[in-house]
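Chain by chain, the residues:
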Amino acid sequence: MVKKVLVISTSLRPRSNSEALADEFVRGAVEAGHEVEKLSLRGKEIAFCRGCMACHSLRTCAIKDDMIPIIQKMHDADIIAFATPIYYYEMCGQMKTMLDRANALYDSDYHFRDIYLFTAAAEDEPDVPQRAIEGLGGWIACFPKARLAGQVFAGGVNDMGDIEGHHALAKAYEMGKALSMPFE
């Protein structure tokens, strides 16, 4: 069954290490025959959530910026994959802002079920991405039909291109390729 996959790279740095993980996931998902769209937050104008809750009655965010079409793409996707650099042991700020702004999805009939997370950091201890996983987990908890289906962490990568040859790239590719498995 072909799935509609949305991959969102939240790093603002061109050729970022986290985006390289996303690209490998995309490559695997495309090879598995899925409809895949990758977008980057780089160059996007995304304001902070105001907490006005107008999105619940409007069914979209009241702030008119680049987040409006992203929210719709998130709504329509079967699978969403997020890629973020780890800053100070947490997801990057632009990813958190994006998740906050996706509040309009909360009481919608969203399609997504499986969520993936790809993280990269200069530090290489296995627990480095834990807070980002927990932060995304808090967002996922608000969507009872969704689950964290997988995550890949590339540690020890700091400068652009450091990720070349890293074992996490193959893991991200295989995760994308495995999307050919039926939903559980």
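Please refer to the structure higher up on the page.
A few points on the structure.

Rules of the game
Within any chain, residue numbers begin from 1 and follow the written order of that chain's sequence. Reporting of local features is limited, given that this is a predicted model, to residues whose pLDDT is at least 70; pairs of side-chain atoms are given and counted only at 80 or more, and all residues count toward the totals for whole chains, interfaces and linings. Hydrogens are left out, water is left out, and the side-chain values use all remaining heavy atoms of the structure. Ring geometry is summarised as follows: Phe, Tyr and Trp rings, the Trp one being its six-membered ring, pair when their centres sit within 6.5 Å, and such pairs are stacked at plane angles under 30 degrees, edge-to-face over 60 and tilted between the two. Strands here are runs of E lasting at least two residues and helices are runs of H or I lasting at least four, both read from the DSSP assignment and numbered beginning at the N terminus. Exposure classes here rest on a 1.4 Å probe applied to the protein chains alone. A residue is buried below 20% of its type maximum, exposed above 50%, and partly exposed in between. Placement of a positive charge over a ring is assigned whenever Lys NZ or Arg CZ falls within 6 Å of the ring centre and within 35 degrees of the normal to the ring plane. The pairing criterion is simple: DSSP has to find at least two bridges between the two strands. Polar contact criterion, stated in full: a pair of N or O atoms within 3.5 Å, where within protein one must be able to donate a hydrogen and the other to accept it, and residues adjacent in sequence count only if both atoms are side-chain atoms.

## Some details on the packing of aromatic side chains
1) Next: Overall, the coordinates contain 8 aromatic pairs when judged by the stated rule.
2) Next: A ring pair is formed by Phe-25 and Phe-118, whose centres lie 4.9 Å apart and whose planes are at 50°; its orientation type is tilted. Taken together, the positions of Phe-25 in helix H1 (residues 17–31) and Phe-118 in strand S5 (residues 114–121) put the pair 93 residues apart, joining distant regions of the chain.
3) Next: Relative accessible area serves as the criterion here: at 0%, Phe-118 is assigned to the buried category.
4) Next: Between Tyr-110 and Phe-143, the aromatic rings sit 5.1 Å apart at their centres with planes inclined by 90°, giving edge-to-face as the arrangement. One end of the pair, Tyr-110, is in the loop between helix H4 (93–101) and S5; the other, Phe-143, is in the loop between helix H5 (130–140) and strand S6 (147–155), with 33 residues separating them in the sequence. Pair check on accessibility: Tyr-110 and Phe-143 agree, each one buried.
5) Next: Aromatic ring contacts, followed pair by pair, group Phe-82, Tyr-110, Phe-112, Trp-139 and Phe-143 into a single cluster.
6) Next: The ring of Tyr-110 carries the charged tip of Lys-145 above its face, separated from the ring centre by 4.6 Å.

## Describing the pairing of strand S2 (residues 35–40)
1) Next: Strand direction decides the pairing type here: strand S1 (residues 4–9) and S2, joined by 6 bridges, are parallel. If you follow Ser-9 over to S2, its bridge partner there is Ser-40.

## Examining unusual backbone geometry
1) Next: A positive phi is found at Arg-15, a non-glycine position, where the angle reads about 55°.
2) Next: Position of Arg-15 relative to the elements: it lies in the loop between S1 and H1.

## Quick word on the side chain of Asp-114
1) Next: Looking at where Asp-114 falls in the secondary structure, it is placed in strand S5.
2) Next: A residue is classified by how much of its surface remains accessible, and Asp-114, at 8% relative accessible area, is buried.
3) Next: A distance of 2.8 Å separates a polar atom in the side chain of Asp-114 from a polar atom in the side chain of Arg-147.

## Some words on the side chain of Ser-16
1) Next: Here Ser-16 lies in the loop between S1 and H1.
2) Next: Side-chain polar atoms of Ser-16 contact the backbone nitrogen of Glu-19, separated by 3.0 Å.

In short, the description is geometric, and any link to function would need to be established separately.
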